Amino acid sequence: MNGTGFVAVTALLVIPATTALLLGLLSSHQFSARLNVGATLLSLLAAVTLFKARPEPNLYLLVDDFNVYLIVLNNLVSFTTSVFSASYIAHELAIGRLTPSYLRFYHAMYQALMFAMNLALLANNIGLLWVAIELATLTTVLMVGIYRTPEALEAAWKYFILGSLGVALALFGTILVYLAAQPVVGEGLPAMAWHILIAKANAFDPALLNLAFVFLLLGYGTKVGLAPLHAWLPDAHAEGPTPISAVLSGLLLNVALYAVLRFKMLMSANAAALAPGPLMVGLGLVSVLFASLMLYRRNDIKRLFAYSSIEHMGIITFAFGMGGPLANFAGLLHIALHSLTKSGIFFAVGQITQAKGSQRISQIQGLTETHPRLGWGLTLGVVAIAGMPPMGIFLSEFLVVSATVAREPLLALLLVAGLLLAFGALLLRLHGLAFGEPQGSAAPVQASYLPMFMHLALVLVAGIWLPAPLVAWFNHVAARLG
Amino acid sequence: MHSLAFDIAHLLAGGMVVVSLLLLYQDRLYALLNVYALHALLLALAVSWQAYIQHAAHLYVTAAIALVFKAILIPTVLHRIIQRLGIHRTIEQVVGVGLNMLAGVALVALAILVMLPVTATATALVREDLAFALAVVLLGLLIMITRRNAVSQVVGFMSLENGLILAAAGARGMPLVVEISIAFSVLIALIVIGIFLFRIQERFDTVEMQMLDTFRGERQR
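Quick notes on the rules
Residues numbered from 1 in each chain as written. Chains lettered and ligands numbered in written order. Predicted model: local features only at pLDDT ≥ 70, side-chain atom pairs only at ≥ 80, totals over all residues. Helix = DSSP H or I, 4+ residues; strand = E, 2+ residues; numbered from the N terminus. Buried ≥ 20, exposed ≤ 12 C-beta atoms within 10 Å, placed from the backbone. Rg over C-alpha atoms; globule rule 2.2 N^0.38 Å. Expected span 1.5 Å × (residues − 1). Contact = placed C-beta atoms within 7 Å. Nonpolar A, V, L, I, M, F, W, Y, C, P; charged D, E, K, R; others polar. Axes fitted to C-alpha atoms, helices over the stretch in contact; angles between N-to-C directions. Parallel < 35°, antiparallel > 145°, perpendicular 65-115°, else oblique. Left-handed = near helix turned anticlockwise from the far one by under 90°. Core = buried A, V, L, I, M, F, W, Y, C linked by C-beta atoms within 7 Å.

**Let's talk about the overall build of chain B**
Right, on to step 1. A tally of helices and strands in chain B yields 8 helices and 0 strands.
Right, on to step 2. Shown N-terminal to C-terminal, the secondary structure of chain B runs as helices and strands in the order α-α-α-α-α-α-α-α.
Right, on to step 3. Relative to its full complement of 221 residues, chain B shows a buried share of 45%.

**Notes on the overall build of chain A**
Right, on to step 1. Scanning chain A from terminus to terminus reveals 19 helices and 0 strands.
Right, on to step 2. Here the C-alpha atoms of chain A give a radius of gyration of 21 Å, agreeing with the 23 Å that 2.2 N^0.38 yields for 482 residues.

**Some details on helix α17 (residues 409-435) of chain A**
Residues and elements named next belong to chain A.
Right, on to step 1. Helix length check: α17, at 27 residues, gives a terminal C-alpha distance of 38 Å against a target of 39 Å (1.5 Å per residue), a fit within 8%.
Right, on to step 2. Among the residues making up α17, those that are buried are L415, G418, L419, A422, A425, L426, R429, L430, L433 and A434.
Right, on to step 3. Turning to α17, the residues buried within the fold contact α11 (277-295), α12 (301-322), α14 (367-370), α15 (372-385) and α16 (392-407).

**So, the interface of chain A and chain B**
Right, on to step 1. Contacts between chain A and chain B engage 36 residues on the former and 33 residues on the latter.
Right, on to step 2. Where the side of chain A that touches chain B is concerned, the elements lending two or more residues are α5 (126-144), α6 (150-185), α8 (206-224) and α9 (232-239) of chain A.
Right, on to step 3. When its residues are assigned to classes, the side of chain A that touches chain B shows 21 nonpolar, 5 polar and 10 charged.

**Comments concerning the packing of α11(A) against α12(A)**
All names here are of chain A.
Right, on to step 1. As a packed pair, α11 and α12 sit with axes 7 Å apart at the nearest point and diverge in direction by 155°. Comparing the axis directions of α11 and α12 gives the class roughly antiparallel. Crossing of α11 against α12: the hand is left-handed.
Right, on to step 2. A class-by-class count of the residues in the contact of α11 with α12 yields 17 nonpolar, 8 polar and 1 charged.

**Thoughts on the nonpolar core**
Right, on to step 1. A120(A), A132(A), M16(B), A135(B) and L166(B) are the most contacted members of the largest nonpolar core, which totals 260 residues.
Right, on to step 2. With 24 residues, α6(A) is the single largest residue contributor to this core.
Right, on to step 3. Sequence-distant contacts of L166(B), that is, excluding residues within four places in its chain, are made with A13(B), M16(B), L43(B), A46(B), D129(B), F132(B), A133(B) and V136(B).

**Observations concerning helix α4 (residues 100-122) of chain A**
Working note: α-helix, 3.6 residues per turn, so residues spaced by three or four point in the same direction.
Right, on to step 1. Taking 1.5 Å as the rise per residue, α4(A) with 23 residues should run 33 Å; its terminal C-alpha atoms sit 33 Å apart, in good agreement.
Right, on to step 2. The buried fraction of α4(A) is high, at 18 of 23 residues.

**Quick word on the environment of V118(B)**
Right, on to step 1. As for its position among the elements, V118(B) is in helix α4 (residues 97-118).
Right, on to step 2. Ignoring anything within four residues of it in the chain, the contact list for V118(B) reads A207(A), L208(A) and L211(A).

**A look at the environment of G357(A)**
All names here are of chain A.
Right, on to step 1. Along the chain, G357 falls in the loop between α13 (324-356) and α14.
Right, on to step 2. For G357, a count of 13 C-beta atoms within 10 Å puts it in the partly exposed group.
Right, on to step 3. Residues G357 and G440 lie 83 residues apart in sequence; the distance between their C-alpha atoms is 8.2 Å.

Any functional reading would require information beyond the geometric quantities listed.
The following block contains the structure:
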C-alpha cells in the first residue's frame, strides 16, 4: 500500500463529505462560499498528487491511468465553479431569488455532489459506482428544484423520474454483470471489482454480458443525456442555478460516460461478446444529429447550451464507439475540452442572465456593446464550442472525423453534417447575442471573470500546443480502451 | 423434480409478477397503494426465503427494510398525503385496461424469452428468479409510462425497484445488496417528501398541450 496515494484518495472522499456536513450547519453564507472554495481547492490539490503517487487498488477503490485524469478534471472544474458560484449566489441573494437558508442547503449539496462524483470515479466496485451515481443524481435533483418556481419543480421532477429510471436499468445491468462474473471469480466482492473483472472477462458468459451491456448503456446513457433518453437534460440545465448547469454539463455527464466506458472495456475484453462499438456509434450519431437540429429555434440561452452538451456527448460516445487508438485519443481529449469550454460558457451565461434579468435570447442582444467582457467571453466560448480553429475542440473534432473517414466514410458524412448543422445554429445565435441591437439592461455586473477566461485560455492552448507528456499519456490510455 | 426451496422461491417471485399485473389496472389511488403494499410484502417474503436458502444473514436486513419501510411506512404516509391533498379520485389512464393488460402480458413473455436463453449456464433457481425480476421491472416501467399522476408514477417506480431488489437477492452471494436497498429507500423517501412538499401532482393533473409547452419553458413569459 502506497502511503501518500492512499492519503490523497482518502482526502478526495473525506474533504467533500465533512465539508458538506459542516456547510449544513453553518449559517453565514459569505463564510460558506469561502469554505466551499477552500474545500474544492484542497480536493484539487489532493487529486493532483495522484499523478505522482497512486495507491494499489483494493476491493473498494481504484486509481489507474484512465480515471486519474477524470478525477483531476473533475476537481479542477469543481474548484473554478465554486469560485464562480460565490459571486453568482451573492447576486441571487441580493435580488431575493434565494434565501440564506436555501443557500446553506445549496452549499451542502454542492459538496455532497463532489463527494458522489469523486466516489463514482474512484470506485473499484460496480455496486459502489452505482450507489455513487445515484447519490449524484439525488443531489443534483435537489439543486435543480432549488428556486421552487413551477418550472424548476417540473424540471426537477422530470429529471428525478428519468434519472431514477436510468439508475434502475443500470442496476439491473450491474446485477447481470455480477452474475456473469460469479461463476468465474467466485462469490463476493472480487466479482464486482474492476481490475479483477477486466482481467478475467474473457471467461465470462458472453450472452449474459451482452444483455447486461444493453441495460447499462441505456441506464447510464440516460444520465449521459444521449438522445432519445435526453428529455431531462435541457430542463434541468435551464431551471436550476447556473453553477449547477456548469457542473452538470461539465462533470456529471462525464461521470456517467466514464461508467459506460468502463463497461465497454469489460465487453472488449471478452472475445465472444457483442462488439459494443456499433451501439455506441448509433446512439452517439442520433444524439449529434438530433441535438444539432434542436439547436435551431431555441429561445432560452441555457437550453441552447444544454442541447449543445447533448451534441458533444454524442460526439464523444461516437468517438469511443468507433474505437481504435486515434478515435479514443480524440474522445479523451474531447471530454476534457468540452468540460472546460462548456462550464466556461455557463460561467458567462450565468452572469449574463443576472445582468439582463432574463434567459430569453431575444432579451439578451448586443452583449459586446452593453457588457464587453462578458460579450467577448461568450463569443470566445461559442467559437470554441462550435469547433472553430484555433480552439482545442476543433482539434478533437477533426481527429474524430479523420479517424472515421479512414474506416467508415458514410458515417463520417453523417457526423460532419451534424457538426456543420450545430456550427450554423450556434453562430446564428451568437450573432444576435453578441453583436445584435443592444437589448435590456446595460448596468455593470459584479463578476469574477477569472474562472471563465482561465477555462477558455486552457482550451485555446490545447488547440495550439498539447504538451508531449500529455499526448503520450492520452495515447497510452487510448490503447487500453480498445 | 425440483426441491421445495425452488418451489417456494418460484411461488413468491411469481406472486410478485401477478401483483404487478394487478397494479396495472388499479384505477383508484387507495386501491393502488393497498396492492403495492401487498407487492412489498411478497418481496419481503421472497427475500427472506432467499436469505434462508442461501444462508445469507445480511439479506434478512433487506427483507426487514422491505417489510417495515415499503410495505407499511410508505403506503401509510402516501395514504395520508392523498387524504390531505384531497386527490382520492380515479386515475386517468392513457390506454384502456384491456390494452394495458395485453401489453403487460407481452412484457412478461418478453422477459422470459430474453432471460431464459441468456442464463443457460446458471441454476434453475437463479434463472427463473431473474426472469420474474425482469418481468416486474418491465411492468413497473409500463405503469410509469401509462400513469399521469405523480403518486401512481411513484408507485410504478417502487414496484420496479422491488423487481431490482428481487434480482439482487437472487444473485447468489452478491455483495452490497443491503447498501443498495438502503440507497433506494432514501431515494423513495425523498420522492415521497417531494410530493408532499412541492405538491407536484397538482401540475400533473391536466395534460393540455398548452401546459406542456409551458413545462418545456419554451413559451412562457
